[in-house]
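One letter stands for each residue in the lines below.
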Amino acid sequence: MPAVRLPLLCLLLIPCVAPASLVTLYDSAQGRLPQAQDWLDYAATDGIDALLTGGRTSVDTTGETAANAGFSTHSFTTNGSSASWTPKNGHLPALDARETIGLSFELRLLEESRDVDIDSRAGFTLVLLDQFLNGIEINFWSDVIWAQGSNHADPAEQADFQTDQALTRYEVGIFAGGYDVWANGTHLLGGPLRRFDADALLPGLHGTPGMIYLGDASADAASKYLLGDVKLSPRLLQSQPPPHANPTPATLALLLTGLISAVLANGFRRHRPGR
């Protein structure tokens, strides 16, 4: 039996598997910016605006390396010298790596640059943390995707990949034993989950439970990026899957959601009055 079919059958047949849930954090088909929808907020240096471009959202911080601009499940507020992040939507699901979290997003990194001799920062960053602050920071250069080490000083796992060539669907899965990253269905890198004891990026970013952040969070790097659909599967499995599973957690969630919808639609047609 093909490898793709086996995990899907497990989802449907094994009792220990919980139903997948899917939250569309950003739906580009709505023709509205992410912050105008239900789940994501936008935090940026003054003067850095998010724009609708070709059916997606574009952001450009290349005119000011120290600027930051990104989208997150939490709203960023400052009060004097203190800063805080609060969930934008009170119905944001609790994230627990032990139940496996799948996140998919579309991204094209049009430009990326860093200050001279800065190799531990990037112009685009994904931060994904569960409610216990276990998670990952994945960084994007124009030709490399890499995971941040716990000390914020050295890249850990990395893979060569041209992030600037086309809009790419990235899928990230985190589970009790680690994480994996795919691009258009091809596995790129994986490794252990980490806890980040200090914030080297935006204040409080790595200390906020359940944080999902996508964008330029560094004062030492800049980028111009195009962001498409963002989808979250907060609880895919109750049992831990093996690392580098095939298909990806995010894809499994989409497959299961689509299959359930198809079955329900078919049942409705069969049992519609007058048929």
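Described below are features of the structure shown in this document.

Definitions and limits used
- Residues numbered from 1 in each chain as written.
- Predicted model: local features only at pLDDT ≥ 70, side-chain atom pairs only at ≥ 80, totals over all residues.
- Heavy atoms only, no water.
- Buried < 20%, exposed > 50% of the residue type's maximum accessible area, 1.4 Å probe, protein only.
- Helix = DSSP H or I, 4+ residues; strand = E, 2+ residues; numbered from the N terminus.
- Pairing = 2+ DSSP bridges.
- Salt bridge = Lys/Arg side-chain N within 4 Å of Asp/Glu carboxyl O.
- Phe/Tyr/Trp six-rings, centres within 6.5 Å; stacked < 30°, edge-to-face > 60°.
- Core = buried A, V, L, I, M, F, W, Y, C linked by side-chain atoms within 4.5 Å.
- Contact = heavy atoms within 4.5 Å.

The next subject is unusual backbone geometry. Here Leu133, not a glycine, exhibits a phi torsion of approximately 70°, which is positive. The phi dihedral of Asn184 is positive, around 50°, even though this residue is not glycine.

A word on the pairing of strand β16 (residues 212–216). Within β16, five of the five residues are buried, which leaves the element mostly enclosed by the surrounding structure. Pairing of strand β5 (residues 69–72) with β16 involves four bridges; the strand directions are antiparallel. Counted as the bridge partner of Gly70 is Gly215 from β16. Strand direction decides the pairing type here: strand β9 (residues 124–129) and β16, joined by four bridges, are antiparallel. Each bridged residue has a counterpart across the sheet, and for Val127 the counterpart in β16 is Tyr213.

The next thing to look at is the pattern of salt bridges. A full pass over the atoms with the stated rule returns five salt bridges. The partner of Glu112 in a salt bridge is Arg114, and the shortest N-O contact between them spans 3.0 Å. For Glu112, a relative accessible area of 15% translates into the label buried. A salt bridge links Arg194 to Glu157; its shortest N-O distance comes to 2.7 Å. Of this pair, Arg194 sits in the loop between β15 (186–191) and β16 while Glu157 sits in strand β12 (residues 155–160), and the two are 37 residues apart along the sequence. In terms of burial, Arg194 and Glu157 fall into one category: buried.

Moving on: the packing of aromatic side chains. The final tally for this structure, using the stated rule, is 10 aromatic pairs. With 5.2 Å between their ring centres and 75° between their planes, Phe140 and Tyr170 make a pair best called edge-to-face. A residue pair is termed long-range when its members are at least 10 positions apart, and Phe140 in strand β10 (residues 135–140) and Tyr170 in strand β13 (residues 168–175) qualify at 30 residues. Under the relative-accessibility criterion, Phe140 is labelled buried at 1%. Classification of Tyr170 by relative accessible area gives buried; the value is 0%. Centre to centre, the rings of Phe161 and Tyr170 are 6.1 Å apart; their planes meet at 75°, and the pair counts as edge-to-face.

Soluble globular proteins tend to pack their nonpolar side chains together in the buried interior. Ranked by size, the top nonpolar core spans 45 residues in total, and within it Phe105 and Phe140 carry the most contacts. Looking at this core, the element that brings in the most residues is strand β8 (residues 101–114), giving five residues. Residues in contact with Phe105, not counting those within four places in the same chain, are Phe124, Leu126, Phe140, Thr168, Arg169, Tyr170, Val172, Leu214, Asp229 and Val230. Core analysis: the next-biggest nonpolar cluster, separate from the first, contains 10 residues, Val127, Leu202, Leu205 and Tyr213 among them.

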